[in-house]
Amino acid sequence: MTESPPDAAATPTGGTAPISRPITAGIVTALVGFTSSFAVVLTGLRAVGASPAEAASGLAALCLTQGLGILWLSRRYRTPITLAWSTPGAALLAGTGVVAGGWPAAVGAFVVVGAAVVLTGLWPLLGRLISSIPTSLAQAVLAGILVPLCLAPVTALADSPAVIAPIALVWLILQRVRPRWAVPGAFAAATVVIVVHLVRTGTSVAPTELAPRLEFTAPAWTWQALLGIALPLYIVTMASQNIPGTAVLNSFGYRTPWRAAMTVTGLGTVIGAPAGGHAVNLAAISAALAAAPDADPDPQRRWVAAWSAGWSYLVLALCSAGLAALVALAPAGVVETVAGLALLATLGGALSAALRDVHDREAPVVTFLVAASGLSIFGVGSAFWALLIGLAVRGALSSRSEQQSADETHRAT
């Protein structure tokens, strides 16, 4: 596969922009990607057993591994390839909870996910197998996992309206005028709320808690963690991040170096897992910030935006401990509100993709309900059972759906 950037002559450049333009675009890409979902990452890691220090370490590890991965891929292929942590994966962790084996077993599951991603890049058959999983079911699993998290702002507003209302109002106003900055703006508002709370209660943060550090955990493996965390995390990361991320780059005329990207993100996940990083993958939503013409009119220079984002993530890694300490001291409902608002767009996209086919809605709906139920059997969470039951329902109803489609086609002709 040719992995060169598109020909600049194919796109009107409108003149040469200063090099500061793609550099600034890269900084914005990293800031938006980080501030819009780091609360989800911390929530997910804490949910599967990480201590506050281990969750902060995981956030730092993710920033480091994806920053280094971006620097290598963007410069090697001169393509605006950006990486991100798996926000849907973090949401899945938040809905899964602690599995048998606790935090070490979760770390072991992260290692398995990284190894599976590397194998996907090296072994095309595995990639085709993952692609054969109906997108509607994968998205229905994700939507079901997201529902409780997206309900958090509603319940928090009912419990503490004076604390939560300013955050929701800022999000709503920015969603109207500057959608890209709606979630970062909500986090900024939440920061003000937390600081006011700390001042009123006289709470202080020890300087040692602000210093970035990595907390390493020896991985362990349990079958509950493999089925309840590793398998759904791998599927969600591939279906909701890596495949859409490739599509975003393609839409701007860039061809993704698939094998190299899967190798880098998979190894990054394996290396970062003992420090708490759950999954590194191709960026999907934020990918457009570096690959679009707004980053630079010249498509051959847009890789600089990704390169700048990589350096920015390395800087943001230094802030991980301070942000985690701030989050840990937040009033009840504040962090959950920011995380829920950050996931609304993801929930909307997942529901839309799950229910797109009018002839095949029963299986995705059943999958969605099982995932949202929080069902746990034999210590394995609802994400695994939702996918299993959804595939069974789809198989049982597939002949009927095919007949309905054939009947409509016949009537139309």
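Check the entry above for the structure.
Residues numbered from 1 in each chain as written. Predicted model: local features only at pLDDT ≥ 70, side-chain atom pairs only at ≥ 80, totals over all residues. Heavy atoms only, no water.

Any chance you could explain the overall build of the protein chain here in plain terms?
A count of helical and extended segments in the protein chain gives 18 helices and two strands. Relative to the compact-globule value of 22 Å for 413 residues, the protein chain shows a C-alpha radius of gyration of 21 Å, a close match. Its C-alpha atoms give the protein chain principal-axis dimensions of about 70 × 55 × 45 Å. Counting over 413 residues, the protein chain shows a buried share of 54%. In the form shown here, the protein chain has an accessible surface area of approximately 17400 Å², with 67% of it arising from carbon and sulfur atoms. The averaged location of the 16 negative side-chain charges in the protein chain is 7 Å from the averaged location of its 20 positive side-chain charges. (Helix = DSSP H or I, 4+ residues; strand = E, 2+ residues; numbered from the N terminus. Rg over C-alpha atoms; globule rule 2.2 N^0.38 Å. Buried < 20%, exposed > 50% of the residue type's maximum accessible area, 1.4 Å probe, protein only. Areas by Shrake-Rupley, 256 points an atom, 1.4 Å probe, with all protein chains shown as cover. Lys, Arg positive; Asp, Glu negative; His and termini not counted. Charge placed at Lys NZ, Arg CZ, Asp CG, Glu CD.)

Can you help me understand the nonpolar core in this one?
Taken as a class, soluble globular proteins show a tendency for nonpolar side chains to be buried jointly. Formed by 108 residues in total, the largest nonpolar core has its most connected members in Phe34, Phe38, Phe110, Ile167, Ile229 and Tyr234. If we ignore the near neighbours within four places in the chain, the residues touching Phe38 are Leu59, Trp85, Phe187, Leu323 and Val327. (Core = buried A, V, L, I, M, F, W, Y, C linked by side-chain atoms within 4.5 Å. Contact = heavy atoms within 4.5 Å.)

Is there a simple way to think about the pattern of salt bridges in this case?
Pairing between side chains of opposite charge can happen when their charged atoms approach one another. Overall, the coordinates contain three salt bridges when judged by the stated rule. With its nearest N and O atoms 2.8 Å apart, the salt bridge here joins Arg301 to Asp296. Both residues of the pair, Arg301 and Asp296, belong to the buried class. For Arg394, the salt bridge goes to Asp360, with nearest N and O atoms at 3.1 Å. With a gap of 34 residues between them, Arg394 in helix H18 (residues 382–412) and Asp360 in the loop between helix H16 (344–354) and helix H17 (362–373) connect regions that are remote in the sequence. Note on Arg394: relative accessible area 33%, which makes it partly exposed. Under the relative-accessibility criterion, Asp360 is labelled buried at 12%. (Salt bridge = Lys/Arg side-chain N within 4 Å of Asp/Glu carboxyl O.)

Teacher, can you tell me more about helix H8 (residues 161–177) here?
Residues lying three or four places apart along an α-helix face the same way, a consequence of the helix completing one turn every 3.6 residues. The end-to-end C-alpha distance of H8 is 24 Å, a good match for the 24 Å that 17 residues give at a rise of 1.5 Å each. Among all positions in H8, only Ile164, Ile167 and Trp171 are buried. Buried residues in H8, looked at end-on, bunch into an arc of 65°, giving them a common side. Relative to its buried face, H8 has exposed residues pointing more than 90 degrees away, namely Ala162, Leu172 and Arg176. Packed against the buried residues of H8 are helix H7 (135–159), helix H9 (182–201), helix H15 (334–342) and H16. (Expected span 1.5 Å × (residues − 1). Arc of directions from axis to C-beta.)

Would you mind going over a nonpolar patch on the surface with me for this structure?
Among the surface-exposed residues, Ile19, Ile23, Ile27, Leu31 and Trp181 lie close enough to one another that they form a single nonpolar patch of about 380 Å² accessible area. Structurally, the position occupied by Ile27 is in helix H1 (residues 20–35). Its relative accessible area of 37% is what places Ile27 among the partly exposed residues. (Patch = residues over 30% accessible without salt bridge, like charges linked within 9 Å, V, L, I, M, F, W, Y side chains within 5 Å.)

Sorry if this is basic, but what is going on with the side chain of Thr35 here?
Relative to the helices and strands, Thr35 is located in helix H1. Judged by relative accessible area, Thr35 falls into the buried class, the value being 16%. A distance of 2.7 Å separates a polar atom in the side chain of Thr35 from the backbone oxygen of Leu31. Excluding residues within four positions of it along the chain, Thr35 makes contact with Val183, Pro184 and Phe187. (Polar contact = N/O pair within 3.5 Å; in protein donor to acceptor, adjacent residues only side chain to side chain.)

Sorry, what's going on with the packing of helix H4 (residues 87–96) against H7 here?
To describe two helices that pack against each other, one gives the angle between their axes and the distance between the axes. Put simply, H4 and H7 touch, their axes get as near as 9 Å, and they point 65° apart. Regarding the angle of H4 to H7, the classification is roughly perpendicular. For the pair H4 and H7, the crossing hand works out as left-handed. Residue-level inspection shows Pro88, Ala91, Leu92 and Ala94 of H4 in contact with H7, the latter providing Leu142, Ile145, Leu146 and Leu149. Residue composition of the contact of H4 with H7, grouped by class: eight nonpolar, no polar and no charged. (Axes fitted to C-alpha atoms, helices over the stretch in contact; angles between N-to-C directions. Parallel < 35°, antiparallel > 145°, perpendicular 65-115°, else oblique. Left-handed = near helix turned anticlockwise from the far one by under 90°. Nonpolar A, V, L, I, M, F, W, Y, C, P; charged D, E, K, R; others polar.)

Would you mind going over the packing of aromatic side chains with me for this structure?
Note on aromatic pairs: each is described by the distance of the centres and the angle between the planes. Tallying each qualifying case throughout the model produces eight aromatic pairs. Each ring, one from Trp303 and one from Trp307, has its centre 6.4 Å from the other, and the planes form 65°; the classification is edge-to-face. Of this pair, Trp303 and Trp307 both sit in helix H13 (residues 303–317), four residues apart, which is roughly one turn of the helix. For Trp307, a relative accessible area of 30% puts it in the partly exposed group. Geometrically, the ring pair formed by Phe384 and Trp385 is edge-to-face, given 5.0 Å between the ring centres and 75° between the ring planes. Take Trp385: its relative accessible area is 16%, and that puts it in the buried class. Three or more aromatic residues link up through ring pairs in this structure, and these residues are Phe34, Phe38, Trp85 and Phe187. Stacked on the ring of Tyr77, the Lys or Arg Arg76 has its end atom at 4.6 Å from the ring centre. (Phe/Tyr/Trp six-rings, centres within 6.5 Å; stacked < 30°, edge-to-face > 60°. Lys NZ or Arg CZ within 6 Å of the ring centre and 35° of its normal.)

Any chance you could explain the side chain of Thr246 here in plain terms?
In this structure, Thr246 sits in helix H10 (residues 223–251). A relative accessible area of 16% places Thr246 in the buried class. For Thr246, the residues in contact, after removing those within four places along its chain, are Thr256, Trp258 and Leu282.

Taken by themselves, the reported measurements are silent on function.
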